[in-house]
Amino acid sequence: MSSPSAAELAARVRRGEVTATSVLEEHLARVAAREPEVHAFCLVTEDLARAQAAEVDRRVAAGVDPGPLAGVPVALKDLLCTKGIPTTCCSRILAGWRPPYDATVVRRLAAAGAVMVGKTNMDEFAMGSSTEHSAFGPTRNPRDLSRVPGGSSGGSAAAVAAGFAPLALGSDTGGSVRQPAALCGVVGAKPTYGLVSRFGLVAFASSLDQVGPFAANVADAALALDVISGHDEADSTSLPGEPPKASAKLGLGVEGVRVGVIAELAEAEGIAPDVARRLREAADALASAGAKVEEISVPALRYALSAYYLIAPAEASSNLARYDGVRYGLREQRADMTETYIATRSAGFGPEVKRRVMLGTYALSAGYYDAYYGKAQKVRTLIIRGFEEAYRSCDVLLSPTSPTTAFALGAKTADPLSMYMSDICTIPSNLAGHPAVSVPFGTGDDGLPVGAQVLAPALGEAEMFQVAAALERLAPAPAPATGAER
Ligand code: GLN
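Residues numbered from 1 in each chain as written. Predicted model: local features only at pLDDT ≥ 70, side-chain atom pairs only at ≥ 80, totals over all residues. Heavy atoms only, no water.

**Here's the deal with the overall build of the protein**
For step 1, the next point in the chain: The secondary structure content of the protein amounts to 16 helices and 11 strands.
For step 2, the next point in the chain: Over its C-alpha trace the protein gives a radius of gyration of 21 Å, about what one expects of a compact globule, namely 23 Å for 486 residues.
For step 3, the next point in the chain: Expressed as lengths along the three principal axes of its C-alpha atoms, the size of the protein is roughly 65 × 55 × 50 Å.
For step 4, the next point in the chain: In the protein, which comprises 486 residues, the share counted as buried stands at 60%.
For step 5, the next point in the chain: At a minimum sequence separation of 6, the contacts of the protein that also span at least 24 residues come to 76%.
For step 6, the next point in the chain: Of the roughly 17,600 Å² that the protein leaves accessible, carbon and sulfur atoms contribute 55%.
For step 7, the next point in the chain: Of the charged side chains in the protein, 45 are positive and 52 negative; the average position of the first set lies 2 Å away from that of the second. (Helix = DSSP H or I, 4+ residues; strand = E, 2+ residues; numbered from the N terminus. Rg over C-alpha atoms; globule rule 2.2 N^0.38 Å. Buried < 20%, exposed > 50% of the residue type's maximum accessible area, 1.4 Å probe, protein only. Contact = heavy atoms within 4.5 Å. Areas by Shrake-Rupley, 256 points an atom, 1.4 Å probe, with all protein chains shown as cover. Lys, Arg positive; Asp, Glu negative; His and termini not counted. Charge placed at Lys NZ, Arg CZ, Asp CG, Glu CD.)

See below:
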């Protein structure tokens, strides 16, 4: 891709070679040209972006360093709170809600000199794998407009793939950063649980949710993660101490690095043959670059999807109880409170959110709790132990990110289970609280991007990005930038 990286753009702005304003206008021109067909955004915040870019330019002129992301346009998933700017989670129930504060990650980006170009489209409350569950209509994959961009952070992935912004943030509860990154041919990472503050991230499943970056290349994703990571007093699940530097080992190569190819995910049922083939190529490429590659079995991963689809809906049913028509957004007034709650939630939530709330409430109900939620938590422990075992002999693990390349719009909306299957490779890291990153590695038989996933133990971000950077260098020639013509 010919566009300069985020790091390069920031360097040029800091040196005064280009203005943040001109960088922004170039990106806004791309948005004007292709956003009508891609629909990556639910809101483009041009005025805010222009004001932020002007401020960066004032600083440079005054000899003040605006920071490591000086003038870099960034797109934000619409479940990150932005002060005074609508934040909808792409749900009718939050239509019109303007948060009274910024999420910590949004403040950190701004403090690093980034410019916020807009709020991106997503599956309602981050529940989905295709961005088709948005109340505001789907996003299309910029590389093939007949295909989905993945989800739930499909708008953020598409924004980076279409060149609307070199960086974007999403949230990843079961794969919602990595899977759309894979389908759109960009890099997407989920950090270690607790590494990035969730203050101001609208909650889906609190024991799984993490904020993660999208970028067109590995170094930019690591840079963005380094800007947003670190302890935050406002988030009780935020890890104490110095965060690992994600970009510390990018150039080191993989000589002697022990890579385990996860047997249960490499050739599992549902993994398309072209994706499995690319993964073998990725493993071979790492081996020829000096890595010690072996196949490794983590048997408990077979139950990860089932456990996730109990735990995530259970936590969601509790988190979403707050949308009652009293405190936020939509209110369908009726004669009494109960009727008002029912009418508001019936009108405000879409079908997938209702399905999750019902599944979760059922799984948590007295008499079923032990059989469903309790059992899922036990599986979670087995998965954590399985990974512990694997990391005794491996530094990182490798798997596909998504079982298939981008599928057609409408292909899975009628069959929730087939949609859920999109997450088989990404969910295990969320259940374990571990980091994982998706890197483009060639294309499938349809010419669309395939993502390779590098998994690491908790706080293994530096080694994870080290291997991801090697894979990026070893990858077959990238797919043509934007397939608008198809
Ligand atoms: N697709 C998964 C789900 O629907 C994961 C979503 C996410 O990571 N937010 O739950």
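**Points about the environment of G447**
For step 1, the next point in the chain: Along the polypeptide, G447 turns up in the loop between β10 (436-443) and β11 (449-455).
For step 2, the next point in the chain: Distance in space between the C-alpha atoms of G447 and A263 is 26 Å, their sequence separation being 184 residues.

**Regarding helix α2 (residues 20-38)**
For step 1, the next point in the chain: A32 marks the point of greatest bend in α2, at about 40°, and the proline P36 comes within the next four residues.
For step 2, the next point in the chain: Looking at α2, one finds that the buried residues are A20, V23, L24, H27, L28, V31, R34, E35 and V38.
For step 3, the next point in the chain: Structurally, α2 contributes buried residues whose contacts are with α1 (6-14), β1 (41-44), α3 (46-61), β2 (73-77), β3 (115-120) and α5 (154-161).
For step 4, the next point in the chain: Following α2 by one or two positions, H39 adopts a phi angle in the positive range, close to 55°. (Bend = angle between axes of the 7 residues up to and from the residue.)

**What about the nonpolar core?**
For step 1, the next point in the chain: L80, L109, F125 and F465 are the most contacted members of the largest nonpolar core, which totals 124 residues.
For step 2, the next point in the chain: Broken down by element, this core gets its largest block of residues, 9 residues, from helix α10 (residues 304-319).
For step 3, the next point in the chain: What L80 contacts, discounting residues up to four positions off in sequence, is T87, A103, V105, V106, K119, L169, G200, L201 and V211.
For step 4, the next point in the chain: Grouped together as the second largest cluster of nonpolar side chains are 32 residues, L24, V56, A159 and A168 included. (Core = buried A, V, L, I, M, F, W, Y, C linked by side-chain atoms within 4.5 Å.)

**A closer look at the site of the ligand**
For step 1, the next point in the chain: Looking at the ligand, there are 15 residues lining it, with T173, G174, S176, Y308 and R356 nearest.
For step 2, the next point in the chain: G128 is positioned with one of its backbone polar atoms (N or O) 2.9 Å from a nitrogen atom of the ligand.
For step 3, the next point in the chain: Contact with the protein chains hides 100% of the accessible area of the ligand, taken as 300 Å² for the molecule alone.
For step 4, the next point in the chain: Here the residues of the shell around the ligand sort into 5 nonpolar, 7 polar and 3 charged. (Near = heavy atom within 4 Å. Polar contact = N/O pair within 3.5 Å; in protein donor to acceptor, adjacent residues only side chain to side chain. Nonpolar A, V, L, I, M, F, W, Y, C, P; charged D, E, K, R; others polar.)

**Some details on the packing of α2 against α3**
For step 1, the next point in the chain: Where α2 meets α3, the axes come as close as 8 Å, and the angle between the chain directions of the two elements is 155°. One way to sum up the angle between α2 and α3 is to call them roughly antiparallel. Along its contact with α2, which presents A20, T21, L24, E25 and L28, the element α3 presents E46, A49, R50, A53, A54, V56 and D57.
For step 2, the next point in the chain: For the contact of α2 with α3, the residue count by class is 7 nonpolar, 1 polar and 4 charged. (Axes fitted to C-alpha atoms, helices over the stretch in contact; angles between N-to-C directions. Parallel < 35°, antiparallel > 145°, perpendicular 65-115°, else oblique.)

**A closer look at the packing of aromatic side chains**
For step 1, the next point in the chain: Using the criterion set out here, one finds 14 aromatic pairs in the structure.
For step 2, the next point in the chain: On the basis of an interplanar angle of 90° and a centroid distance of 6.4 Å, the ring pair of Y323 and F349 is categorised as edge-to-face. Taken as a pair, Y323 in the loop between α10 and α11 (337-348) and F349 in the loop between α11 and α12 (351-364) lie far apart in primary sequence, 26 residues in all.
For step 3, the next point in the chain: A residue is classified by how much of its surface remains accessible, and Y323, at 4% relative accessible area, is buried.
For step 4, the next point in the chain: Seen from their ring centres, Y362 and Y372 are 5.9 Å apart, and the 45° between their planes marks the pair as tilted. Residue Y362 is located in helix α12, and its partner Y372 is located in helix α13 (residues 370-393); the two are separated by 10 residues in the primary sequence.
For step 5, the next point in the chain: On the accessibility criterion, Y372 (30% relative accessible area) is partly exposed.
For step 6, the next point in the chain: Grouped by ring-pair contacts, the aromatic residues W97, F125, Y323, Y328 and F349 constitute a single cluster. (Phe/Tyr/Trp six-rings, centres within 6.5 Å; stacked < 30°, edge-to-face > 60°.)

**A look at unusual backbone geometry**
For step 1, the next point in the chain: A cis amide bond links G151 with the next residue in sequence, S152, at an omega value of 10°.
For step 2, the next point in the chain: Of note, S152 is situated in the loop between β3 and α5.
For step 3, the next point in the chain: A positive phi is found at C90, a non-glycine position, where the angle reads about 55°.
For step 4, the next point in the chain: By secondary structure assignment, the location of C90 is in the loop between β2 and α4 (104-111).

**Brief notes about the pairing of strand β4 (residues 167-172)**
For step 1, the next point in the chain: A large share of β4 lies buried, amounting to 6 of its 6 residues.
For step 2, the next point in the chain: Relative to β4, β2 runs parallel, the two sharing 3 bridges. Among the inter-strand pairings, A75 is bridged to a residue of β4, identified as A168.
For step 3, the next point in the chain: The sheet contact formed by β4 and strand β6 (residues 210-215) spans 6 bridges and is antiparallel. (Pairing = 2+ DSSP bridges.)

**Examining the packing of α10 against α13**
For step 1, the next point in the chain: Across the interface, α10 lies against α13 with an axial gap of 9 Å and an inter-helix angle of 125°. Taken together, the axis directions place α10 and α13 in an arrangement best described as oblique. Of the two possible hands of crossing, α10 and α13 adopt the one that is left-handed. Where α10 approaches α13, its residues A304, A307, L310, I311, A314 and E315 are matched on the opposing element by Y372, Y373, A376, Q377, V379, R380 and I383.
For step 2, the next point in the chain: Residues of the contact of α10 with α13, tallied by class, amount to 10 nonpolar, 1 polar and 2 charged. (Left-handed = near helix turned anticlockwise from the far one by under 90°.)

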